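# Structure at a glance
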Amino acid sequence: MALSSKRTVAALAGLVAVSFGTVACGGSSDDGSGPTGGGASVGASQIDKTDYSNWCGMKSQLQGKTVTVYTSIIGPEGAAQQASYKKFEECTGVTVKYQGDNDFEKNLPQRAQTGNLPDIAFIPQPGLLQTMVSTGKAIPAPQTVVDEIDKGWQPIWKTYGTVNGTVYAAPLGANVKSFVWYSPKFFKDKGYAVPTSWDEMLTLTKKIAADGGGTKPWCGGISSGTATGWPATDWLEEAMLRFNSPEDYDNWITNKLKFNDPKVLKALNKISEIFKNPAYVNGGHGDVKSIKSTTFQDAGLPILKNQCAMLQQASFYAANWPAGTKVGPDGDVWAFYEPGQTASDKPVEGGGEFTVAFRKAPEVQAFQAFLASADWANDKAKATPAGGWVSANKGLDVNNLTSPLDQESYKLLQSATSFRFDASDLMPSSVGAGSFWTEMTNWIMGQSDQTTLDNIQKSWPSN
């Protein structure tokens, strides 16, 4: 997605009765085992065994058919999506009808209730996939799609498209959240090196603060309308991945590891060292409390004026720099990987979309197989010359990505020692799109680390 799904998932809070908390995404390892939870059980006999890998040779069977696609991807990115289907349409004679919707997350469950579902939807939250499977309307992915997932992605991605042991959805696009934005020129002029470990990043933070000159080490902003607070949840999620194991992160998502567990408190303490220290923030905007009133879109702009040196924010933040800003290693702004505890420890947090079908027909399953393939990933990269899109598919040729940031994101996705999906997108919506946001907002306004975590734990649904 061009923007974090956290900004749109708020529309789901209170709308869908089924709890997202039943999704146990990731399990205890990256072994590809599926999540458990609600939704109808699907027998192996219901999985379509037809070979759709030769979709380009199925024109006699598919000619004249139509496939409808429904998604939150709109604007220029939506146009690039549609352009990437050209090969499939020409080879098969199928017409793909595309509909983008800003209110996708709210409207898709409602369309399930009215029976007005698309043939395929691009779902940006595994929790929403769980909800849609529970309606009984989602179609298990055909075997060809499952094979493409096994071939093209790290096993953890398969778990995010799996419900009750059955694969429903293949990954589509991806984004990386584990980035810190900075000015290469400012770093060079000051003799600062990009840190390769968390301790090096803290040492650099202290150095910038000591050097003064009107530059604070960090800037930040968590204001985002009804979704205010979500950038702060990213800070904690990144720390959870760096100071705890991937298994701890998975257990935290399902509340097997309680929100106020000492392991979570340790992670929050780590980011409090930075974001609640008035000597370190909030360059160009004000004091610590100004982080609440600063929009996430405006948060990093002081980097361009050397008022702050660093901003933790995802790859999609590239769209928020003013027109004419050069993004690159030698540009006005660039991003480095938010380091782990050591240079060799490289956990990555990110997100993405997943394709799920709601009609079982050859043209639909063939299109789903095409979208799961490396062929499509490379076609999509070529159809996005301005950049701003990446896939975690191993078959994507990095040279087809024109943006240096997209190339860097792809390399991180492939080299990560562990990859995990955005945690709040996997938690029950009352937490992930509710108390987690509001309590982290209270935290930046002065609430203690322990109280913040205690309050979120109290909000976790009993069922």
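The shown structure was predicted, so the numbers you read here are calculated from the model rather than taken from an experiment. Every chain's residues receive numbers from 1 upward, in the order its sequence appears when written. Selection of residues for local features in this predicted model requires a pLDDT of at least 70, selection of side-chain atom pairs for listing and counting requires 80 or more, and totals for whole chains, interfaces and linings are taken over all residues. Neither water nor hydrogens contribute to the side-chain values; these are computed over all heavy atoms in the structure.

For the rest of this paragraph, the subject is the packing of helix α13 (residues 262–275) against helix α19 (residues 449–459). Taken N-terminus to C-terminus, the directions of α13 and α19 make an angle of 135 degrees; their axes are 10 Å apart at the nearest point. Overall, the two elements α13 and α19 adopt an arrangement that is oblique. When you trace α13 past α19, the crossing you get is right-handed. From α13, V264, L265, L268, N269 and S272 reach across to α19, where they touch D449, Q450, T452 and L453. In this classification, Asp, Glu, Lys and Arg are treated as charged, Ala, Val, Leu, Ile, Met, Phe, Trp, Tyr, Cys and Pro as nonpolar, and every other residue, Gly included, as polar. For the contact of α13 with α19, the residue count by class is four nonpolar, four polar and one charged. Between N-to-C directions, angles span 0 to 180 degrees; the directions come from axes that are lines fitted to C-alpha atoms, helices contributing only their stretch in contact. Helix numbering and strand numbering both begin at the N terminus, where a helix is a DSSP run of H or I of at least 4 residues and a strand a DSSP run of E of at least 2. Roughly parallel means an angle under 35 degrees; roughly antiparallel, over 145; roughly perpendicular, 65 to 115; everything else is oblique. By convention, the crossing between two helices is left-handed when the near helix turns anticlockwise from the far helix through less than a right angle, and right-handed when the turn is clockwise. Contacts are residue-level and defined by heavy atoms, with any inter-residue pair within 4.5 Å sufficient.

We now examine the sheet that holds strand β8 (residues 216–218). Here we have four strands laid out as an open sheet, ordered β8-β9-β7-β10, and mixed in their pairing. In this open sheet, the two edge strands, each paired with only one partner strand, are β8 and β10 (334–337). The average undirected angle you get between the axes of adjacent strands in this sheet is 25 degrees. Here a strand pair is declared whenever DSSP counts at least two bridges between the two strands. Sheet analysis places β8 next to strand β9 (residues 308–312), joined by two bridges and oriented parallel. When the bridges of β9 are listed, K216 appears paired with C308.

In predicted models, pLDDT denotes the confidence assigned by the predictor to each residue on a 0 to 100 scale. Taken as a whole, the protein shows an average pLDDT of 90; of its residues, 90% reach a score of 70 or greater. pLDDT under 50 marks residues 6–45. Its contacts with residues more than four places away, or in other chains, come to 111 contacts.

What follows is about the pattern of salt bridges. Here a salt bridge means any side-chain nitrogen of Lys or Arg lying within 4 Å of a carboxyl oxygen belonging to Asp or Glu. If you walk through the whole model with that rule in mind, you get 13 salt bridges. One salt bridge connects K263 with D248, and the closest N-O pair in it is separated by 3.1 Å. Separated by 15 residues along the polypeptide, K263 in helix α13 and D248 in helix α12 (residues 246–254) bring together distant segments of the chain. Burial here depends on accessible area, computed with a 1.4 Å probe over protein chains only, as a share of the maximum for the residue type. Under 20% is buried, over 50% is exposed, and the range in between is partly exposed. Given a relative accessible area of 12%, D248 falls into the buried group. The partner of K326 in a salt bridge is D330, with the nearest N and O atoms 3.5 Å apart. Taking relative accessible area as the criterion, K326 reaches 44% and is therefore assigned partly exposed.

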